[in-house]
Every structure is written in structure tokens, then in C-alpha cells.
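Structure assessment
If you want the building blocks of each chain, they are given just below.
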Amino acid sequence: MSTIVIGLSMGMLLFLLAAGLTLIFGMLRVINFAHGSLYMLGAYLSFQIVNVTGNFWIGLAIAPIIAAVIGALMERIALRPVYDRDHVYQLLLTFGFILVLDEAVRIFWGLEYKQMYPPELLSGAIEMFGSSVPSYRLFIIGFGVAVSAALFFMLDRSRYGMIIRAASGDPEMVRTLGINVSLVRTGVFSFGAGLAALGGAAAAPLFPIELGMGFNIIIDSFIVVIIGGLGNIRGAVMAALLIGMTRALGYSYAPSWVDFLTFILLIGTLILRPEGLFSRKGRTA
Amino acid sequence: MNAQRLLAFLVAIIISAPLLLPDGQGVGLVNAILIWSIFAIGFDLVFGVAGMLSFGHAAFFGVGAYTLSLLTMRMGWDFIPSLGAAGVVGGAVALVFSYFAIRVSGLFFALLTLALSQLIYIMAGTKLRMLTGGVDGIAGVPRPDLFGIDFYDDGNYYFFLLAVFILALLISGLIRISPLGQALRAIKSNEVRAEQIGFNVQRLQRSVFTISGIYAGVAGGLLASLIFYVGPQMLHWSTSGDVVIMVLLGGMGTLFGPILGVAIFEIMREWLSTQTSHWYGILGLIFIVCTIGMPKGIAGLIMQLWDRITPGGKS
């Protein structure tokens, strides 16, 4: 039982990152290498805010907002001038962001591990089906479900979601309709950055907060978005749960093979279905 | 004299610095520049000429370093055949990568090469610990033993590295002007058209990726012998990132640009790291500014300036 809970909670965290990655890719056609760094930044910011205010919930609320502002600045200052160029340049820019963000974290918080605890309310464990499950993990699952539900509602039902979907499909047409597509791009990038930091802030009490945490999770997130199909947010949900469960099962039964399992999933996907395991059948040509 | 010659002249000055400066000053720095240049020249064949952004070259670099170290230290091989083997193994790993990675293009190619190289990094740290020494790496990697020259002296080792470097530069120059180089440029500018003309795109891409892997393997082996050590850090993705920065900084797609990029990177590493411990972040800022402002790198900038100073005589 606890394996399932761990798997689901990991899947939810991965989904928060993958959703941002996939949204940004759909809108900007760029894969944000720095997404893991934003996740890490979220964890450090939340740690700092909790240290100052003593309240976990403030950290969880404020850290993503700060990251979203940073994300908006990144898009505005650096990415916007190079949209006309080959996509490789945008990828390279986001790679440059990793170096700068990691250095910023090193300057502010140093090299030591930081440790954070779940809030009082969620620090216990709950008996479920004969095994005890940390309630914070359950909270992450519930939180993840709530955030993804809100996300899907926003994308499918709201006016903003409609604009984002339309602008991903045909930015020129949307611009002709009088919508400021540049602003939408900034918004989506900023929103994705916020989601990554939200994931980081939520994950902060679960793992040691350290400089390498961004890169560890970004590879998994890449795997999730590729398996789910780039730009496909529904696929990302399934893929995130798949990878989360694979990791959790792997850790409890064959810890030294976990990384191989995920990579085999990735390589298998790329060979058999490069468009993603969960993409809907559809012909583009 | 045209801009191309000017670049060649600059490179010549940098790499012959130990001969020009009194008492062979800067030889340690130039040795590192020579080795990383071999890596960067090979990387640019894939990145600059064929237009494929790989984030997995650390794998070939690191595997070459481990190959040379293990063959010389455990198997008792001589240095030169071990260096050859480092290149062969680097190329072989690149060939295996290419079978997976060339199925996809563009951003996917970058991601897949990154993931594959990270797999090798993880393997070296865990599964292959018996062979690689895990996170501790292997210390005591030897240098060549030839003609009774003491290559443990950096001043002497410089000449050995210079010879390998010039060979690498010549081969790369030949590839660039060969039909293979032209075909690769055709693929870069329009893959579909190149395929329609009748080029076997995938085979050409695989070939150049493998050649690039050989370059990386040789460079990795040489670096291990320069610093007498090999560790998993050489396989880490940040090594792939470093070579991307070097090539882009210097000027992708040019013969001499990557070498200038390496020189600036290494000089900054040497100088800035004595000034501040945050040099890597500063490097990141410079990298971002260069990517936005001068996508053709320093080589592009120099050529532009040269054309402006010499009106009429456009190179």
C-alpha cells in the first residue's frame, strides 16, 4: 500500500513539472531545460519563507508566485528576441538559465543540504489497509489531483484556456483576431515556471533540498513529456503516474535497476511510438 | 589576408604561447586548451556542420578517458594504442547512441542524447563501480612513454598534445571541404531536400556522429592523462554543456571558431575562478548574452569587423 502511495505522490509531483513543460512546449515550441532549476528554486524559496514566517502554507503559496515572476522575466528579456531563430537557440538559452539559477541558489543558500518538515497538521501517519502511510504523501496526492483538475478546467472551459489552445495551434491566426500572442507566451512561460516551483515547494518536506535536485527531476520530467507525447497534457498525466509508479515499485523491489527501468521506458517509447504512448490517433499528413 | 586567415593567425598565437612567452609560461593552460579544442572541433562537426545539437557528448569523452585509463593501468597497454582505443570506443558508443537518437530530430535529439549519456553516467557510478572506481574515479593515469622523452614535464607534453591537435584540426578541415562535409551542410539547411536529392541522410548523420565520438574519446583520454585522473564528472551532463558553450561562444560551423571559444572559456575558468567562486554563473550570463546578441560567436564577430575595416576586399 505504501508503495502505491509513494508512487502516486511521485507521479503527482512529476505531473506538476511535466504539465508546465508540455504547456510551454505547446505554446513556444521550446523545451525548457531550466524547468528543474525552477523546481529547485521553488523548494529553496519555500524553505526560506517557512524559516522566516514559520508557516508552511505561506511558503507553498508565495514561492510559486516569485518563480512565476522570474519566469516572466526570463521569457521577456531572453527568449523573446530569439523566437525567429532556430529552436536550438531557445534551448541553449534555457540551458544558460540553469547555470545562472543554480549559481543564484548557491550564492543565497550555499552548498549544504537544507531540511524541511511537513506542517504540524500533516506530520503524522494514517493507518490504511493494514499499513501506515505518511499523511503528507496523501496530501500531495490530493493536492496534485486538485491542481490538475483546476488546470484541466482552466484549459478546457475557460476563455484563457481557449486562447492558449488556439495560440498553440495557430499563433498567426490568433494574432489576427486581435489577441496579444506575445503576452500569452509570457503568461504561459510564467505559469509553467510557477507550476514547477509549486512542485518544488510541495516536494520540499519530502526530500533533502540540495543543488542537484533540479537536475535529478528534470530528466524524469523529460521522460514523462516524451512518453506522454510532447504538447499533450493528458498524456503527461498518464505518463507521470506511470513513471512515478515505476520508480516506487523499482525502489522497493530492485533499487539498483530503477534508472534503467525508466530509461528503457523512454527508449522503448521513442522506438515504438515516437509521438508518445498516450497520443490520440490522428494523422497530420 | 582575409578574415579566415586572421582567425587562423589568432589560433596560432594562442596555441604557440608557451613558445613565445619566456620560460614557457602558460603551458598548463595551453595544454588544457589543446585538449578541449580537440573535443570542440569534433563536436562542431555534429553541431556546426551537420546542425545536430547533442547534449550527450560527455558520454564519449568520459568513456574515452576510462578506456585509456583502464587499458594503460589494468591491462598494461602502451599509451598510443590505448589512445587509439579510447577513440575507437568513443566512436563505438557514439554509433550506438546514433541508432537511437537519429530516429528523432531537433529538440528530441538533444533530449535523447542527454538521457542516454546520463544513463552511462549513472551506470559508471553504480553498476560498473568495480571497473570505474565509482565516484572516486581512478587516479594515477599515465602519460605516454616515447623516444625516452619525459612527458611528465608539462613543457614536453605540450609538443605531444600539439601534434595530436594539429592532426585533429587537419582531419576536421578535410572533412569540412570533402563531399561528406558538403552533404552534411545540405542536410543542415534542408533535410527533406537533401533526402530527395538522393543522400542517405541517416547514414551520413550516423557517420559524422561517430567521427565526432572518436574526437571526443581521444580528447577524453588525453585529459585523463593530463590531470592523471579520471572520474565520473567527465561523464556528467555538465561536460556536454561545457563543450556546447565553448563552441557557441567561439562560433559554430567554423573551423577555428570553436578553438577560440575553448581558449576564452579556459582563460575565464583560470582567471575568473581566482577572482570569484561564482564564475560559472557569470559564464552563464555571458553565454545568455552571446546567444542572444552574437549567435555566430567570436569568430563571426571578428569576421564582421574585418569586413568593415577592409571595404571592397570582402572575404
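Keep in mind the model is a prediction, meaning the values are calculated, not measured.

Take the overall build of chain A next. For chain A, the helix and strand inventory stands at eleven helices and two strands. For chain A, whose C-alpha radius of gyration is 19 Å, the value lies close to the compact-globule estimate of 19 Å for 285 residues. Considered along the principal axes of its C-alpha atoms, chain A spans approximately 60 × 45 × 35 Å. In chain A, 75% of the contacts between residues at least 6 apart in sequence involve partners at least 24 apart.

Within chain B, the secondary structure is distributed over 15 helices and two strands. Over its C-alpha trace chain B gives a radius of gyration of 19 Å, about what one expects of a compact globule, namely 20 Å for 315 residues. For chain B, the spread of C-alpha atoms along the three principal axes comes to 60 × 50 × 40 Å. Of all intrachain contacts in chain B linking residues separated by at least 6 positions in sequence, the fraction that spans at least 24 positions is 76%.

As a further point, take the packing of helix H9 (residues 213-228) of chain A against helix H6 (residues 107-125) of chain B. It is at 11 Å that the axes of H9 of chain A and H6 of chain B come closest, and there the two elements cross at 130°. Accordingly, the angle class assigned to the pair H9 of chain A and H6 of chain B is oblique. The handedness of the crossing between H9 of chain A and H6 of chain B comes out as left-handed. Judged by residue contacts, Ile219, Phe222, Ile223 and Ile226 of chain A of H9 of chain A engage Leu111, Ala115 and Gln118 of chain B from H6 of chain B. Of the residues in the contact of H9 of chain A with H6 of chain B, the class split is six nonpolar, one polar and no charged.

As a further point, take the packing of helix H3 (residues 27-49) of chain B against helix H12 (residues 237-250) of chain B. All names here are of chain B. Axis separation between H3 and H12 bottoms out at 9 Å; the angle between their running directions is 75°. Classified by the interaxial angle, the pair formed by H3 and H12 is roughly perpendicular. Together, Trp36, Phe39, Ala40, Phe43, Asp44, Phe47 and Gly48 of H3 and Val243, Met246 and Val247 of H12 make up the contact between the two elements. Class assignment for the residues of the contact of H3 with H12 results in eight nonpolar, one polar and one charged.

With that settled, the discussion passes to the environment of Ser2 of chain A. All names here are of chain A. On the secondary structure map, Ser2 appears in helix H1 (residues 2-28). With 16 C-beta atoms counted inside 10 Å, the residue Ser2 sits in the partly exposed group. Through-space distance from the C-alpha of Ser2 to that of Pro205 is 17 Å; in sequence the pair is 203 residues apart. Setting aside chain neighbours within four positions, we find Ser2 in contact with Ser131 and Val133.

As a further point, take the nonpolar core. Within the largest apolar cluster, 198 residues are counted, with the highest numbers of intra-cluster contacts made by Ala197 of chain A together with Ile38, Phe39 and Ala219 of chain B. Ranked by the residues each element gives to this core, the list is headed by H1 of chain A, at 18 residues. What Ile38 of chain B contacts, discounting residues up to four positions off in sequence, is Val164, Phe165, Ala168, Tyr215, Val218, Ala219 and Leu222 of chain B.

Attention now moves to helix H15 (residues 297-309) of chain B. End to end, H15 of chain B covers 19 Å across 13 residues, agreeing with the expected 18 Å (1.5 Å per residue, within 8%). Looking at the buried residues of H15 of chain B, the elements they touch are helix H1 (3-15), H12, helix H13 (257-275) and helix H14 (279-293) of chain B.

Attention shifts here to the interface of chain A and chain B. Each partner contributes to the interface: chain A provides 31 residues, whereas chain B provides 29 residues. Elements supplying a minimum of two residues to the side of chain A that touches chain B: helix H4 (87-109), H9 and helix H11 (258-272) of chain A. At 14 residues, the largest contribution of residues to the side of chain A that touches chain B is made by H4 of chain A. In the side of chain A that touches chain B, the residues fall into 24 nonpolar, three polar and four charged.

Another point: helix H3 (residues 56-79) of chain A. Residue pairs three or four apart in sequence face the same way in an α-helix, which turns once every 3.6 residues. Its 24 residues give H3 of chain A an end-to-end C-alpha distance of 33 Å, which sits within 8% of 34 Å, the value for a rise of 1.5 Å per residue. For H3 of chain A, the full list of buried residues reads Phe56, Gly59, Leu60, Ala63, Pro64, Ala67, Ala68, Ile70, Gly71, Met74, Glu75 and Leu79 of chain A.

Moving on to unusual backbone geometry. It is generally the case that most residues other than glycine have a negative phi and that most peptide bonds are trans. Residues and elements named next belong to chain B. Residue Phe228 is not a glycine yet carries a positive backbone phi of 60°. As for its position among the elements, Phe228 is in the loop between helix H11 (201-227) and strand E2 (229-230). Overall, Phe228 belongs to the partly exposed group, with 14 C-beta atoms counted inside 10 Å.

Before going further, it helps to examine the environment of Phe79 of chain B. For Phe79 of chain B, the location among the structural elements is in helix H5 (residues 79-101). With residues near it in sequence (within four places) discarded, Phe79 of chain B still touches Thr72, Pro142, Arg143, Pro144 and Asp145 of chain B.

We now examine the confidence of the model for chain A. This prediction gives chain A a mean pLDDT of 80; 93% of its residues lie at or above 70. In the predicted structure, residues 281-285 of chain A sits below a pLDDT of 50 and forms zero contacts with residues beyond four places in sequence or in another chain.

Reading the values: the criteria
Residues numbered from 1 in each chain as written. Chains lettered and ligands numbered in written order. Predicted model: local features only at pLDDT ≥ 70, side-chain atom pairs only at ≥ 80, totals over all residues. Helix = DSSP H or I, 4+ residues; strand = E, 2+ residues; numbered from the N terminus. Rg over C-alpha atoms; globule rule 2.2 N^0.38 Å. Contact = placed C-beta atoms within 7 Å. Axes fitted to C-alpha atoms, helices over the stretch in contact; angles between N-to-C directions. Parallel < 35°, antiparallel > 145°, perpendicular 65-115°, else oblique. Left-handed = near helix turned anticlockwise from the far one by under 90°. Nonpolar A, V, L, I, M, F, W, Y, C, P; charged D, E, K, R; others polar. Buried ≥ 20, exposed ≤ 12 C-beta atoms within 10 Å, placed from the backbone. Core = buried A, V, L, I, M, F, W, Y, C linked by C-beta atoms within 7 Å. Expected span 1.5 Å × (residues − 1). pLDDT = per-residue confidence, 0-100.

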